[in-house]
Structures are given as structure tokens and as C-alpha cells.
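Residues per chain are reported as follows:
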Amino acid sequence: MANPSNFDIVIVGGGAVGATLACALKDKNLDIALLDTREPELYDVNAEVDLRVFALSLASRRIFEAVGAWEAIAAARFSPYREMHVWDAEGEGSIHFDSAALGEPELGYIVENRLLQHALWAQLKGQPRITLLHPAQAEALTLTDEGAVLDLKGGRRLKAKLVVAADGAASATRALAGIETEDTPYGQRAVVAHVRTELPHATTAWQRFLPTGPVAFLPLADGRVSVVWSTDEAQAERILALDDAGFCAALTEASAARLGRVQSTTKRVAFPLQRLHAKEYIRPRFALAGDAAHAVHPLAGQGVNLGLLDAAALAEVITDARARGRDIGDKSVLRRYERWRKGENLTMIFALDGFKRLFSNDIAALAMVRNAGLRAVDRFTPLKHAFVRRAMGLSGDLPASAR
Ligand SMILES: Cc1cc2nc3c(=O)[nH]c(=O)nc-3n(C[C@H](O)[C@H](O)[C@H](O)COP(=O)(O)OP(=O)(O)OC[C@H]3O[C@@H](n4cnc5c(N)ncnc54)[C@H](O)[C@@H]3O)c2cc1C
């Protein structure tokens, strides 16, 4: 590379989505800078399991396989889940998904965020055409037909044909590009912890819908479960203030003791929940990916899966454009990415929003309808399988690396 500040692509944000995009493009003859405000934490397989875990779809696993990161994940630790039980606290309705009935070995995988990032960055370190910059923070962005200019805090200036913002839901780069979002705060927070339960998790994901929000138990490799308890602000405060014994008792009750008593817990952390969707995904020489473009309720564990599909789709669009001698920052090239992913993401956003509204209330008539609906969907196999195949990333308009 002639000039250390001239790149084909600058990716802002080295979380799961930004790092996956860099990995997918690392062998495509492109000079790429990946920058983050912080270096990923070191991963130690003997350390406590990261409190941020993701339910990854089969499509996401395929994307990680395609970019060479899955081997390191599999060699460390993850838990597959083969079944999923979802039920309503306000009635008899329930739904059961089983990978065997779909002819698949598993429905998905529970993987730590820290491990994901570690496995992805390991693929990038030492690559001659990849520049990793951290700590680095964008301060100003100029987009013109000739190119993009990104000014970093501290005075460094980066030039690129294309800037991709993958810096999360609060994306500062999206704001620098002047892209607005539609936001709906859910008025909920997700309280997260790892707990030990009396009964084994049986490589199954469990989710009980309470009127205040869903409580999910996701299987971990060491036999514990990762809890994601979404609830209103007031209850989240109360839960966070409980001591360990009080939290275990409250969780036993919230889960209707489905896995017996909750016996012990790690510390708890809480994440605010919001629905967010960018009004545009692209500008000339600029694109959004992952949570910077859309944030969804964690009730179906879809957030990072959608973002990884963005990364794979954008890599495919960029690779195709180069093969045809096109300018990768041209709006007409990027428009294909926007049309592709906006449609797919909106379908999921509306479905998740509908679920959230249907379940997070205690209107008796609605409880009857949704319980009847759950029972009907559970019995009507084609519809049930269509739902779960979509969530697993086995249907929809998938990028080649996710198929
Ligand atoms: C409680 C909870 C549970 C969830 N469970 C699941 C699940 O089971 N399955 C699932 O698919 N999704 C889940 N999600 C959603 C998931 O966390 C997000 O979709 C995912 O983290 C988005 O990845 P990302 O790379 O787009 O953004 P992020 O993970 O937010 O990464 C953004 C990166 O950008 C960096 N950055 C931020 N600002 C700047 C800046 N100005 N300059 C440079 N770098 C910057 C950050 O340091 C970070 O490394 C859950 C979310 C929550 C809150």
C-alpha cells in the first residue's frame, strides 16, 4: 500500500458485524482499515463465560465457516440447542420446536460475544492488506463523488472509496453521515446473568412469556443457563437490587420452575431495549450494517444474526461490483445492498414487534387469542416449520456464504 491513510474500505466498529465484513473481504485484493474505540478483550477459555452471549443461527455458523472463524469458536466452547420450548404464563398455549423434525442436527448455537470477536480478529491480525486501528474514534466524515474522508480524534485522516458504519445501535458514524432513524423505546430492559438450575437444560432453549416481558433460559456448555429476562423498567430495577438468593427465588418463580429451582447466579447486568431502524442504509460512499442499521427486541435472538447477513450481503455486493469493474462506493452499487437487506430486516422487525406487543400485555381477551394461536401453530407443522426455518436462516434471500 503506497499511502498508509488511503484505503478501499474503512469499517468503523470491530464488533461481530464489522469484523465479519472485514474477514469476508480480506482475500479480495482490497486495502481495508477496521477501527474501533477499543481493542477486543482477550479471550480465555478458563475464564468466566462472557455475560453477553448470542443465539446464532445456522446461517451465521455458515458465514463464520466461510470466513474461517468457526474452527476457533468450536475449539473453545459453545452450546448447540436442539429444541426450543416457548410458552405463555397467562394460559395453556405453548409451542415446541425440534431440530430432528426439521432434519437438522441443531436449531442454533449459544456463543459468547467475546469469543466471537476474538475468533474474527484472529483472522485479521497479520493480514498484509488489513489495518487494525484502536483506540480510534471518528470525529468528522465528508462524502463526495470522488471519495470519503474520515477524520479521527487525534488528527489522523483516512481516505476511502467506501466507509461502512458497524459501530452499534448508538452509531456516531451514522449521525456523522446525517442518516436518521425511527426509534421506539420498548420501555424494557433485559437483565442478563448465568445461573445454575436444579434440572439439566437438555440442550434446549426455554422461553416463558410474562405480561411484563419474556424470560429466556439459553443452554451453556458448562451445564448452566444464560438468562435473558426482559421486563419493564421498574421491575428491572427491583431485580437488579435483589441479593443473589432473592434473584434466584424470583427467577424460579418467573420461569415457573421449569428447570427446577435456580440454585446460584453470577452478577447481573442490564441492557436497555429499543427498536431502531435507519431510514436509509446508504449514501454515496457510505453504508450501514448491523445494529447501526437496525436494533430489535432480543426475544427471538435475531439481532446479530441479521447483522451478519448484512455483512455477508455487503461483501457479496462489493465483490460482484469489483468483478464487473464498478466503483464500490457508487450509490447504484450500494443500492442493491440496501434493497436486499432493508426488505429482509423489515420483515423480521415487524414480526418481532408483533410478538412483543401480542405477549407483553395482560389483556384477558388477547391472552385467549394468543394461547389459541400458539396451540394452533404448534399443531400446524408447515407453518411452524416455516417460522423456525426463517429464524434459523434457512429461508429468505440469503447471501451465498450463508447458504
Ligand atoms: C440482552 C441482549 C441479548 C441479545 N441476544 C442476542 C441473541 O441471542 N442473538 C442475536 O442474534 N442477537 C442478540 N442480541 C443483539 C446483539 O447484541 C446485537 O445485534 C449485536 O451485538 C450487534 O452487533 P454489531 O457488531 O452490529 O454491534 P456491536 O456489538 O454494538 O459492536 C459495535 C462495535 O463498534 C465499536 N464502536 C462503537 N462506537 C464506535 C465509534 N464511534 N468508533 C469506532 N468504534 C465504535 C464498539 O466498541 C463495538 O466493538 C442481544 C442484545 C441484547 C441487548
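Treat the numbers as computed from the prediction; the structure is a model and nothing was measured.

Caption draft 1: Highlighting the site of the ligand. Around the ligand sit 30 residues in total, of which Asp36, Arg52, Ala55, Asp291 and Val304 are the nearest. Within the complex, 87% of the 1000 Å² of free accessible area of the ligand lies under protein. Broken down by class, the residue content of the shell around the ligand amounts to 15 nonpolar, 10 polar and five charged.

Caption draft 2: Just the sheet that holds strand S3 (residues 53–56), in detail. Overall, antiparallel pairing links the three strands, which are arranged S3-S7-S4 in an open sheet. The sheet terminates laterally at S3 and strand S4 (79–81), the two strands that pair on one side only. In this sheet, adjacent strand axes meet at a mean angle of 25° when their direction is disregarded. Relative to strand S7 (residues 108–112), S4 runs antiparallel, the two sharing three bridges. Each residue of the ladder has a partner; that of Tyr81, found in S7, is Gly108. Sheet contacts for helix H5 (residues 113–124): S3 and S7; angle to S7, the most-contacted strand, approximately 85°.

Caption draft 3: Focus on the pairing of S7. The element S7 is largely enclosed, with a buried count of five among its five residues. Judged from the four bridges that link them, S3 and S7 form a sheet pairing that is antiparallel. The residue bridging Ala55 from the neighbouring strand is Ile110, located in S7.

Caption draft 4: Just a nonpolar patch on the surface, in detail. Side chains of Phe355, Phe380, Leu383 and Phe387 sit close together on the surface and give an oily, nonpolar patch of about 360 Å² of accessible area. Relative to the helices and strands, Phe380 resides in the loop between helix H11 (364–379) and helix H12 (381–391). For Phe380, a relative accessible area of 48% gives the class partly exposed.

Caption draft 5: Up close: the environment of Gln274. Within the secondary structure layout, Gln274 lies in strand S17 (residues 269–278). On the basis of relative accessible area, Gln274 is assigned to the partly exposed category, the value being 30%. Taking the C-alpha atoms as reference, Gln274 lies 27 Å from Ala256; in sequence the two are 18 residues apart. Residues contacting Gln274, with those up to four places away along its chain left out, are Ala169, Asp183, Thr184, Pro185, Tyr186, Ala295 and Val296.

The rules behind the values
- Residues numbered from 1 in each chain as written.
- Predicted model: local features only at pLDDT ≥ 70, side-chain atom pairs only at ≥ 80, totals over all residues.
- Heavy atoms only, no water.
- Near = heavy atom within 4 Å.
- Areas by Shrake-Rupley, 256 points an atom, 1.4 Å probe, with all protein chains shown as cover.
- Nonpolar A, V, L, I, M, F, W, Y, C, P; charged D, E, K, R; others polar.
- Pairing = 2+ DSSP bridges.
- Helix = DSSP H or I, 4+ residues; strand = E, 2+ residues; numbered from the N terminus.
- Axes fitted to C-alpha atoms, helices over the stretch in contact; angles between N-to-C directions.
- Contact = heavy atoms within 4.5 Å.
- Buried < 20%, exposed > 50% of the residue type's maximum accessible area, 1.4 Å probe, protein only.
- Patch = residues over 30% accessible without salt bridge, like charges linked within 9 Å, V, L, I, M, F, W, Y side chains within 5 Å.
- Salt bridge = Lys/Arg side-chain N within 4 Å of Asp/Glu carboxyl O.

All quantities given are derived from atomic positions and should not be read as evidence of function.
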